[in-house]
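In case you want the letters, here they are:
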Amino acid sequence: MGKGGNASMVKNHSPTREANRCRKVTQIRGQVYDITDFAESHPGGAQLLALAVGRDATILFESHHIRTEIVDSVLKTLPKVDDIDKLFPDEDFPAPLDSPVYRKIQQRVRDEILAPLERTKGRAATGRGGCLLDMAAVVAFFFTSLSFYIACPSIATGIILGLAGYWSGTGLQHTANHGGLCRSSSWNQFWGWFGSDVVIGKSSLEWRYHHTVSHHSYCNDINRDQDVYTSFPLIRLDETQPWSWYHTFQPIYTPFIWPLLYLAAQIGDFVNIFIYRASPGVEYTGITPIEVALYVFGKIFHVGITLAIPVYLHGWAKIWAPFVVYGCFGSFVLCWFFIVSHNLDGLRPQQFSHTTRNDWGRWQIETSASWGNVFWSFLSGGLNYQIEHHLFPGVAHNLYPLMQPIIKQECVNEGIQYNGFDGYLGIVPITFKMFCFLTKMSLNPSKTK
């Protein structure tokens with residue numbers, strides 16, 4: 001994270017440390033820690049801890065742990081690496097716990113939501129778990145859709161399976177790969193892998209680095225958030241990006257690009273994992289052979305259930321169209337519901353005050369927008385509550401509707417703009433504003449000055 005280089009191993013050849021020269025390390029607030037042995041007991045699971053290997057993980061650490069006093073006590077037990085030079089530059093982006101508004105919201109969420117739920121319903125004080133109904137609905141819908149798709153391949157069953165893929169991508173893998181779907185880290189890892197690699201053919205390994213390390217830490221930062229700069233040059237999402245003649249038409253052609261996400265994921269995952277060992281701007285410094293093996297196995301499983309078995313039963317001529325529709329329709333809905341949350345006029349960092357640019361909590365609130373209600377939260381895995389999710393990415397998504405009133409109230413108290421589009425039809429006005437933003441970014445800057 002940050003602009004500094006990465007290093008996943010301690011490479012000190014002094015006699016006293018020769019035996020430990022291949023230990024995995026991370027850095028939090030300037031202190032380097034040896035986390036090699038902690039991987040086995042990390043409550044969030046080894047796959048999430050691996051994201052911190054070889055980088056300054058201050059933002060990851062502070063934003064994904066809502067019980068700060070507990071994680072601070074655990075941090076004190078980790079071996080410190082003090083006898084070598086600092087491995088990474090200090091994080092130069094605002095840190096979550098340096099944000100007064102974030103700390104106040106965090107404390108209120110703990111006191112007013114998590115503590116009562118722990119007393120009355122046995123929910124975890126960490127905010128993880130409690131999504132059994134959501135999870136069961138997504139899994140049941142997927143297997144039902146898959147059964148119809150395999151038995152009766154058609155455009156209609158392809159569309160339905162595409163919807164099931166979208167729901168799995170938001171309501172299953174998204175929360176699981178953030179560590180919030182289940183209390184058990186093992187189950188989070190399984191459902192994260194199943195919901196992503198198996199159901200939608202997207203590598204959960206690549207997603208964790210791309211989404212968690214890049215997007216969540218540095219939302220809408222033109223140099224660090226992959227969701228901004230990897231869309232370019234096809235889609236111009238920031239006024240600092242160079243303008244080309246074809247951007248004039250991006251409000252028209254952008255929705256036609258969304259269905260290509262499935263194809264892009266198949267190609268991009270392979271290239272990033274096996275060739276670059278990195279997503280654009282984020283090295284896979286903590287990657288393990290098991291994660292790579294799971295990617296390969298998941299890809300085989302995915303292709304088998306969505307293509308190979310149906311082709312075997314019905315022939316290629318009857319399957320190719322439903323398969324294409326499945327990938328395209330699911331991609332379209334997923335892109336639509338996600339792009340609206342961060343691409344509106346007013347959500348770009350260069351439009352912020354000096355105070356916001358130096359406050360992580362304000363930054364996350366003002367670069368995001370929430371829409372819809374509890375109904376849409378159930379059908380999107382909380383993806384519609386982006387402000388709430390960006391402040392608390394590691395908790396169960398069904399907590400976000402409860403958090404919204406607290407966050408709105410604190411925004412009023414602090415004079416922070418809360419970008420919300422509430423109600424069953426909230427997706428309509430936010431989509432309109434998104435297209436207005438695409439239109440603004442489509443204009444030739446030399447003619448608008």
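The rules behind these values
Residues numbered from 1 in each chain as written. Predicted model: local features only at pLDDT ≥ 70, side-chain atom pairs only at ≥ 80, totals over all residues. Heavy atoms only, no water. Helix = DSSP H or I, 4+ residues; strand = E, 2+ residues; numbered from the N terminus. Rg over C-alpha atoms; globule rule 2.2 N^0.38 Å. Buried < 20%, exposed > 50% of the residue type's maximum accessible area, 1.4 Å probe, protein only. Areas by Shrake-Rupley, 256 points an atom, 1.4 Å probe, with all protein chains shown as cover. Lys, Arg positive; Asp, Glu negative; His and termini not counted. Charge placed at Lys NZ, Arg CZ, Asp CG, Glu CD. Pairing = 2+ DSSP bridges. Salt bridge = Lys/Arg side-chain N within 4 Å of Asp/Glu carboxyl O. Core = buried A, V, L, I, M, F, W, Y, C linked by side-chain atoms within 4.5 Å. Contact = heavy atoms within 4.5 Å. Polar contact = N/O pair within 3.5 Å; in protein donor to acceptor, adjacent residues only side chain to side chain. Expected span 1.5 Å × (residues − 1). Bend = angle between axes of the 7 residues up to and from the residue. Disulfide = S-S within 2.5 Å.

Engineer: Describe the overall build of the protein, naming the residues involved and giving the relevant values.
Structural biologist: The helix and strand tally for the protein stands at 21 helices and six strands. Here the C-alpha radius of gyration of the protein, 22 Å, is about what a compact globule of 449 residues would show, namely 22 Å. Judged by the C-alpha coordinates and their principal axes, the protein covers about 65 × 55 × 55 Å. Buried residues in the protein amount to 57% of all 449 residues. Here the protein displays about 19200 Å² of accessible surface, and carbon together with sulfur accounts for 65% of that area. For the protein, the centre of its 36 positive side-chain charges and the centre of its 36 negative side-chain charges are spaced 3 Å apart.

Engineer: Now, about the pairing of strand 2 (residues 31-34): what can you tell me, with residues and values included?
Structural biologist: Covered by surrounding structure in strand 2 are Q31 and Y33 together with V32 and D34, the residues of both alternating faces. The sheet contact formed by strand 1 (residues 25-28) and strand 2 spans four bridges and is antiparallel. What sits directly across from I28, in strand 2, is Q31. Hairpin geometry of strand 1 and strand 2 is characterised by an intervening segment of two residues between the two adjacent antiparallel strands and by a positive phi of about 50° at R29.

Engineer: Describe in detail unusual backbone geometry, supporting the description with residues and values.
Structural biologist: For the peptide bond that leads from F232 to P233, omega is 15°, which places it in the cis range. The backbone of R29 sits at a positive phi, close to 50°, despite the residue not being glycine. Mapped onto the fold, R29 is located in the loop between strand 1 and strand 2. Using a relative accessible area of 45% as the deciding quantity, one classes R29 as partly exposed.

Engineer: Quick rundown of the pattern of salt bridges? Include the residues and the values.
Structural biologist: Side-chain pairing between opposite charges can occur once the charged atoms of the two side chains come close. All chains considered together, the criterion is met by 16 salt bridges. Two residues, D92 and R224, come together in a salt bridge whose shortest N-O distance is 3.1 Å. Placement of D92 in the loop between helix 3 (68-75) and helix 4 (100-121) and of R224 in the loop between helix 9 (204-216) and helix 10 (226-229) is noted, with a sequence separation of 132 residues between them. Residue class for R224 comes out buried when judged on its relative accessible area of 12%. Taken together, the shared-partner salt bridges connect K104, R108, E112 and E410 into one network.

Engineer: Explain the nonpolar core to me, and be specific about the residues and the numbers.
Structural biologist: Where a protein is soluble and globular, its nonpolar side chains tend to be buried together. W191, F392 and M403 are the most contacted members of the largest nonpolar core, which totals 79 residues. Not counting residues up to four positions away in its chain, the partners in contact with F392 are I66, Y102, I105, Q106, V109, Y400 and M403. Counting residues in hydrophobic clusters, the runner-up holds 15 residues, among them L48, I273, V282 and V292.

Engineer: Any details on the side chain of H342? Residues and values, ideally.
Structural biologist: Looking at the secondary structure, you find H342 in the loop between helix 14 (316-339) and helix 15 (354-357). Reaching out from H342, the side chain makes a polar contact with the side chain of S368 at a distance of 3.4 Å. Polar contacts involving the side chain of H342 include one to the side chain of H390, which spans 3.3 Å. When neighbours within four sequence positions are excluded, H342 is seen to be in contact with H215, C219, N220, L347, R348, T367, S368, Q386 and H390.

Engineer: I'd like a description of helix 4, backed by residues and values.
Structural biologist: Between its terminal C-alpha atoms helix 4 stretches 30 Å, which fits the 32 Å expected from 22 residues at 1.5 Å a residue. The largest bend in helix 4 amounts to roughly 35° and is located at R110. On the buried face of helix 4, the contacting elements are helix 2 (58-63), helix 3, helix 16 (360-366), helix 18 (386-391) and helix 19 (400-414). At the exit of helix 4 stands G122, carrying a positive phi of roughly 70°.

Engineer: Requested: an account of the state of the cysteines, with residues and values cited.
Structural biologist: As enumerated under the stated definition, the model contains zero disulfides in all. We note that C411 lacks a disulfide partner, and the nearest cysteine sulfur, in C219, lies 14 Å from it.

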